[in-house]
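The chain contents come next:
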Amino acid sequence: MPDRSHLSWPFFEPKHRELAHKLQRWCETQMPEASGHLDEDCRALVQALGSAGFLKLSVADGKHRPDVRSLAIARETLAYHSALADFAFAMQGLGSGAISLFGTVEQKREWLPRVASGEAIAAFAMTEPECGSDAANMQTSAMRDGNEWVIVGEKTLISNGGIADFYLTFARTGEGEGARGLSAFIVPAENVQIAERIEVVAPHPLARLKYDNARIPADSIIGEAGEGFRIGMETLNLFRVTVGAAALGFARRALDEALGFATSRRFGSGTLADNPVTQAKLADMALGVDASALLIYRAAWQQDVGGTDNRRAAAMAKLHATESAQRVIDASVQMHGGAGVTRGVKVEELYRDIRALRIYEGASEVQRQIIAKDLLKGAS
Ligand SMILES: Cc1cc2nc3c(=O)[nH]c(=O)nc-3n(C[C@H](O)[C@H](O)[C@H](O)COP(=O)(O)OP(=O)(O)OC[C@H]3O[C@@H](n4cnc5c(N)ncnc54)[C@H](O)[C@@H]3O)c2cc1C
């Protein structure tokens, strides 16, 4: 049972504590078991999370945007148990986030209930082979042709690529240079070709996509033409803190695995945990976990309660939680000795699971840039 003492912090309301307990129970008793077939496992997780009502958290409910504290608690809890379950949950929010934030009533009505029930799988398609962090320079284009948009180009490293029902796609429509000339579109899967499935260190559905004169109705655009960059960045900003929360779940699990191993592994006349060097390591790991939790739930609370621009806090939360989780997990692997690098041992899995979080949805360097820009704005 993971440490849940942070739920008594003042950032939370009773509904957050209830969610944490309910999801924890669900993970222990109802989470579908892995079959080893990635796509089926992912679909089964989306459906199970939808049936249990948890995916409702990741879409706007008509009046309100998603509650970031709930998303963060959900991701931390799921990640503690299963990286794939966290992934299945997170992508429903990221892939439909632009619809929740900026979609028309019709777009929301068509897609959000299906995303929330797990019937439709969502994907977020921004990255291209020649442009990742520098999204303003993307080259995929969308041209208006009568009552349709025609999309031409390629996207890569797209999560849920191959199993998604729609791809929230960003493309150049040319209203201005760089970031000012992009738009966002809802592209149903039948309009997208899967050019290649991509394997990464922590397996999840991922693909390179091709848009070969993909024709979609004119009303598939989200917001106005030219607003795509802002839509993409605001969607990423909404979910940024939750990437940190997933890292926190991984780190908390690595700490618990370390505690379990150190207290049971015989060492001299006692256990590894009696050793002062081990104790110092455990203390550093616990400090990393708590500092991440404070940053994450502060930023999530700011985002929900509003009134402040929380971009700096969200960037700090993602940066610290992902970097610190990497160190905590590495320390846990080290403490496990040879067992730590053995396939099938939980910390070996965590060691692979954490890595990509320092790269996607804004690499650590990009988060540092956001923090520094915000700091310097106040200094000049
Ligand atoms: C597992 C996984 C899942 C993904 N899922 C999705 C998805 O669903 N949808 C999607 O659109 N994309 C997705 N991506 C792509 C991801 O968003 C990009 O990998 C990321 O934006 C970095 O882009 P890049 O890989 O092109 O690296 P580049 O942009 O070429 O950057 C390379 C490296 O340069 C450094 N760097 C970048 N910017 C700066 C800077 N400003 N200052 C200093 N150094 C910098 C960083 O170390 C960075 O890792 C996924 C990636 C992975 C690994």
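The text that follows walks through the structure, step by step, so that each part is easy to find. Quick caveat: nothing in here was measured; it's all calculated off a predicted structure.

In the vicinity of the ligand, 19 residues are found, and the nearest of them are Phe-124, Met-126, Thr-127, Ser-133 and Leu-157. The backbone of Gly-132 places a nitrogen or oxygen atom 3.4 Å from an oxygen atom of the ligand. Between the ligand and the protein, one listed contact pairs a nitrogen atom with a side-chain N or O atom of Gln-369 at 3.0 Å. When the ligand sits alone it has 960 Å² of accessible area, and the protein chains cover 67% of it. Taken together, the elements giving at least two residues each to the shell around the ligand come down to strand E1 (122–125), strand E3 (148–159) and helix H10 (364–379). Tallied by class, residues from the shell around the ligand come to 11 nonpolar, six polar and two charged.

Time to look at the packing of aromatic side chains. What the rule picks out here adds up to seven aromatic pairs. Between Trp-9 and Phe-11, the ring centres sit 6.4 Å apart and the planes meet at 80 degrees, which makes this aromatic pair edge-to-face. We note that Trp-9, like Phe-11, is buried. For the ring pair Phe-11 and Trp-301, a centre distance of 6.1 Å and an interplane angle of 50 degrees mean the geometry is tilted.

With that out of the way, let us pick up the pattern of salt bridges. Counted according to the given criterion, the structure contains 21 salt bridges. Across the pair Arg-252 and Glu-76 runs a salt bridge, and its minimum N-O distance is 2.5 Å. Of the two residues, Arg-252 is situated in helix H6 (residues 228–264) and Glu-76 in helix H3 (residues 68–81); the sequence distance between them amounts to 176 residues. Where salt bridges share partners, they join Glu-13, Lys-15, Asp-67, Arg-69 and Asp-304 into one cluster.

The end-to-end C-alpha distance of H3, which contains 14 residues, comes to 20 Å, matching closely the 20 Å that a straight helix rising 1.5 Å per residue would cover. The buried fraction of H3 is high, at 13 of 14 residues.

Another point: the side chain of Ser-82. Positionally, Ser-82 belongs in the loop between H3 and helix H4 (83–102). Judged by its relative accessible area of 14%, Ser-82 is buried. At a separation of 3.0 Å, a polar atom in the side chain of Ser-82 contacts the main-chain amide nitrogen of Ala-85.

What follows covers the packing of helix H7 (residues 276–305) against helix H8 (residues 311–335). Viewed as axis vectors pointing N to C, H7 and H8 meet at an angle of 155 degrees, and their least axial separation amounts to 9 Å. By the angle between their axes, H7 is roughly antiparallel relative to H8. Here the hand of the crossing between H7 and H8 comes out left-handed. Residues Thr-278, Lys-281, Leu-282, Met-285, Gly-288, Ala-291, Ser-292, Leu-295, Ile-296, Arg-298, Ala-299 and Gln-302 of H7 form the contact with H8, whose participating residues are Ala-313, Ala-314, Met-316, Ala-317, His-320, Ala-321, Ser-324, Val-328, Ala-331, Ser-332, Gln-334 and Met-335.

Below, the discussion takes up helix H1 (residues 14–29). End to end, H1 covers 23 Å across 16 residues, agreeing with the expected 22 Å (1.5 Å per residue, within 8%). Buried residues belonging to H1 abut helix H2 (38–51) and H3.

Relative to the elements of secondary structure, Ser-100 occurs in helix H4. In this structure Ser-100 comes out as buried when scored by relative accessible area, which is 6%. At a separation of 2.9 Å, a polar atom in the side chain of Ser-100 contacts the main-chain amide nitrogen of Ala-60. Discounting residues that sit within four places of it in the chain, Ser-100 has contacts with Ser-58, Val-59, Ala-60, Lys-108 and Leu-112.

This brings us to unusual backbone geometry. The backbone of Asn-213 sits at a positive phi, close to 55 degrees, despite the residue not being glycine. Exposure remark for Asn-213: the relative accessible area of 48% places this residue in the partly exposed category. Look at Glu-361: it is not a glycine, yet its phi comes out positive at around 55 degrees. If you trace the backbone, Glu-361 turns up in the loop between helix H9 (346–353) and H10. The class for Glu-361 is buried, based on a relative accessible area of 16%.

It is worth spelling out the packing of H6 against H8 at this point. Packing of H6 against H8 brings their axes to within 8 Å, and their N-to-C directions diverge by 20 degrees. Comparing their axes, H8 and H6 come out roughly parallel. As for how H6 packs across H8, the hand of that crossing is left-handed.

Within the secondary structure, Val-192 is located in the loop between strand E5 (182–188) and strand E6 (193–197). On a C-alpha basis, the gap between Val-192 and Asn-213 in space is 9.5 Å, while along the polypeptide they are 21 residues apart.

What counts, and where the lines are drawn
- Residues numbered from 1 in each chain as written.
- Predicted model: local features only at pLDDT ≥ 70, side-chain atom pairs only at ≥ 80, totals over all residues.
- Heavy atoms only, no water.
- Near = heavy atom within 4 Å.
- Polar contact = N/O pair within 3.5 Å; in protein donor to acceptor, adjacent residues only side chain to side chain.
- Areas by Shrake-Rupley, 256 points an atom, 1.4 Å probe, with all protein chains shown as cover.
- Helix = DSSP H or I, 4+ residues; strand = E, 2+ residues; numbered from the N terminus.
- Nonpolar A, V, L, I, M, F, W, Y, C, P; charged D, E, K, R; others polar.
- Phe/Tyr/Trp six-rings, centres within 6.5 Å; stacked < 30°, edge-to-face > 60°.
- Buried < 20%, exposed > 50% of the residue type's maximum accessible area, 1.4 Å probe, protein only.
- Salt bridge = Lys/Arg side-chain N within 4 Å of Asp/Glu carboxyl O.
- Expected span 1.5 Å × (residues − 1).
- Axes fitted to C-alpha atoms, helices over the stretch in contact; angles between N-to-C directions.
- Parallel < 35°, antiparallel > 145°, perpendicular 65-115°, else oblique.
- Left-handed = near helix turned anticlockwise from the far one by under 90°.
- Contact = heavy atoms within 4.5 Å.

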